[in-house]
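Below are the chains, spelled out letter by letter.
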Amino acid sequence: MSAEPVRFGRKRPVPKSPNPLFLKWLTELRDVAAEKGTKMQFVYQKAISSLKKYPLPLKNGREAKILQNFGDGICKVLDDKLAQYYAENGPDAPIHSLDEGDPPAPPRKQRRSKTPPGASRGSLSPEGQPALEPAPCKRRAGSQKTREYVPQKRSGGYAVLVTLYRDHQRTGSRGFMTKAELQREAQPLCDKSFTVSDPGSKHTAWSSVSTLIQKDLLLKTNSPARYSLTEKGLELAEKLEGRGTEQGQPGGAPASLPGVPESKEGEILDLTGEEEEEEEDHLPEDRDKSGGGDRRRGEGGRGSGPGTVRDAAGSLASSERPPPARGHVPGFVLTPGTFDIVLCVDFIETTGGSSGRKQELVTELKRNGVDFDVRKLNVGDFLWTARERVRHIPGQLRAPQARELVLDYIVERKRMDDLCGSIIDGRFREQKFRMKRCGLKKPIYLVEDYGSTQHLSIPESTLLQAVVNTQVVDGFFVKRTKDVRESAAYLTVMTRYLQSMFLNKTLLSCTKEEEPLCDRAFSPASSSCILMSFGEFNEGAVKNKAQTVRELFARQLMQISGISGDKAAAILGKYSTLSSLLQAYELCPTEEAREKLLSGIKYGKLQRNIGPALSKTVCQLYCTVGALR
């Protein structure tokens, strides 16, 4: 068959970038990094690719932060260069146009070759071409200069820096890691434990984090704490990671080319393939192989963990970890037979008010043989946990602390008179909102009858409508009981049902930060499930914890009559902070446009509009100068 003739046509002209000056500076930074052989060249190249796709002009480096692969460090570098540019060329110098003869340089490919003995600088090869010269050796720092801080290999500081750097390089990284995530991921790279100190010492590998913060290598923000690398820490972590790559990995894997992934057999993978699927398939398996023993040592100290069940001969029970579900790496695992299902009762349900009436619930649970524990719950009145079975270790005064995972069932108990009072003072809506945000998938509303409802300040029909709305609109399961004895019977039946359901399940832990990312869909036929640790759950449900600007804005919106949790979430989806909403109001040309700014936002399952009336109310609150009429 004859080959088809090649057709030539007019190509579509490629539009010029509206930010050529920023593009030029990033290209120069990339080329300098490539000449030094650092991996920052790949960071700059990603930023260049994002900037080329952006069709609008940028006034400064700070505005570039909305683009992908632009962090605080790159934006600050651009702002510094822009300030220098204005100082040299005047404040009115153009930044959105360049001379035609000064386009951004293409990326340079660096080749290294050995120079034959006797070759000098500027000598010619036999073919008449200039011979490639070896890179000049770096001079050692003089004795007068301060020595740069470099953590020792397989120390705590080394493990923390390398782990954060690997997370920074991973596609889809959040840019930070929590304490639990960092300890779990860094443990295979460290010889000491991050959680248990050595005998005779009070320090762990985690103690090195304070040194990294003092050296301006690590940044600690938010509450719960989030850890990320500074610009200085990123450069040091690159050196540590590059040094480890050149020397080979601890498992004996050969060093690979920087920036080029390799498969298990050693061949170079196709960079155009699906990287995320490769990471999901291979990463957890590799972690378990390389750091399984270290992780177990890090969680439980030297030897067995605090919750390990030992038989009479002292041998460890079966501790083989099941394969993680869809790439999730659990902090710990509870296998069948190593835990008990326990009902947790909030201490408010047993103290205060009429002590005799509240003790009646405890008495009924004891009479029914329910294993329960009274403690402080920051949300809800009852829930169930899978508590690890622990035994006393010879020579220790107390048994190790049992680890707990919270099941996806939480109960809020309301008597009719209490329901009436909570509707009046606003606790009713606030408690439902917190239960939906706590992370547990199956909230239960236990409504208990109490005498006649004729003397209450709210009509009985209104109370019943509130109960129906809780089930239909909020998606809660509502259970009606006639007295406290029937409520105790319901809790007893639920406890025994959950005990039978989780009898043969393998339970994998996850943190509060990991919970939205995990596939926690429960199936009775599955052999394992992912649950949140009780400590993470209860700490995250604190009512008066430190709030972000976004959370505070949401609470402020919900104080407006007519704005529910779904409506507030819909507004936050478009305007995440009050500042962004006020900026949007300033851009509106007329007063009428301001009042209708939020009217078209969809909310809830039915995707209804917020409407002009509520949009006008919000506009009047934030745009009116002085007192509202």
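Residues numbered from 1 in each chain as written. Predicted model: local features only at pLDDT ≥ 70, side-chain atom pairs only at ≥ 80, totals over all residues. Heavy atoms only, no water.

**Section: the confidence of the model for the protein chain**
In low-pLDDT segments, the atomic positions of the prediction should not be examined closely. Definition in use: For every residue, the pLDDT score states the predictor's confidence, bounded by 0 at the bottom and 100 at the top. Contacts were defined at the residue level, with two residues in contact if any of their heavy atoms lie within 4.5 Å.
Averaged over the protein chain, the pLDDT score is 76; the fraction of residues at 70 or greater is 74%. Contacts for the low-pLDDT stretch residues 249–326, under 50 throughout, to residues beyond four places or in other chains number 109 contacts.

**Considering the pattern of salt bridges**
Threshold: Every case where a carboxyl oxygen of Asp or Glu lies within 4 Å of a side-chain nitrogen of Lys or Arg is listed as a salt bridge. For every residue, the accessible area obtained with a 1.4 Å probe (protein chains only) is divided by the maximum for its type, and the residue is called buried under 20%, exposed over 50%, and partly exposed between those limits.
Counted according to the given criterion, the structure contains 27 salt bridges. Salt-bridge contacts for Arg30 lead to Asp31; the nearest nitrogen and oxygen are separated by 3.3 Å. When sorted by exposure, Arg30 lands in the same class as Asp31, which is buried. Overlapping salt bridges bring together Glu412, Lys414, Asp418, Asp425 and Arg427 as one network.

**Regarding the sheet that holds strand S1 (residues 177–178)**
Put simply, the rule is: Think of it this way: DSSP has to see at least two bridges between two strands before they count as a pair. Every helix listed is a DSSP run of H or I at least four residues long, and every strand listed is a run of E at least two residues long, numbered separately from the N terminus. Here an angle of 0 to 180 degrees is reported between the N-to-C directions of two axes, which are lines fitted to C-alpha atoms, with helices fitted over the stretch in contact.
With antiparallel pairing, the three strands of this open sheet are ordered in space as S1-S3-S2. Of all strands in the sheet, those with a lone pairing partner are S1 and strand S2 (218–221), marking the two edges. Where S2 and strand S3 (residues 226–229) come together, four bridges link them in antiparallel fashion. Opposite Leu218, over in S3, you have Leu229 as the bridge partner. On the sheet, helix H4 (residues 156–169) packs against S1, S2 and S3 and is oriented at approximately 85° with respect to S3.

**With respect to the packing of aromatic side chains**
Our working rule: Stacked, edge-to-face and tilted labels apply to pairs of Phe, Tyr and Trp rings (six-membered ring for Trp) whose centres lie within 6.5 Å, assigned for plane angles under 30 degrees, over 60, and everything in between, in that order. Lysine and arginine charges are scored as sitting over a ring when NZ or CZ, respectively, is within 6 Å of the ring centre and within 35 degrees of the ring normal.
Enumeration according to the criterion identifies nine aromatic pairs in this entry. With a centroid separation of 6.0 Å and an interplanar angle of 70°, the aromatic rings of Trp25 and Tyr85 are classed as edge-to-face. Here Tyr85 lies in helix H3 (residues 72–89) and Trp25 lies in helix H1 (residues 20–36), a separation of 60 residues in the sequence. Between Tyr445 and Phe476, the aromatic rings sit 6.2 Å apart at their centres with planes inclined by 55°, giving tilted as the arrangement. Taken together, the positions of Tyr445 in strand S9 (residues 442–448) and Phe476 in the loop between helix H12 (460–472) and strand S10 (477–481) put the pair 31 residues apart, joining distant regions of the chain. In this structure, Tyr445 and Phe476 share a single accessibility class: buried. By the ring-pair criterion, three or more aromatic residues cluster together here, those being Phe22, Trp25, Tyr85 and Tyr86. Arg375 extends its terminal NZ or CZ atom over the ring of Phe534, reaching a point 4.6 Å from the ring centre.

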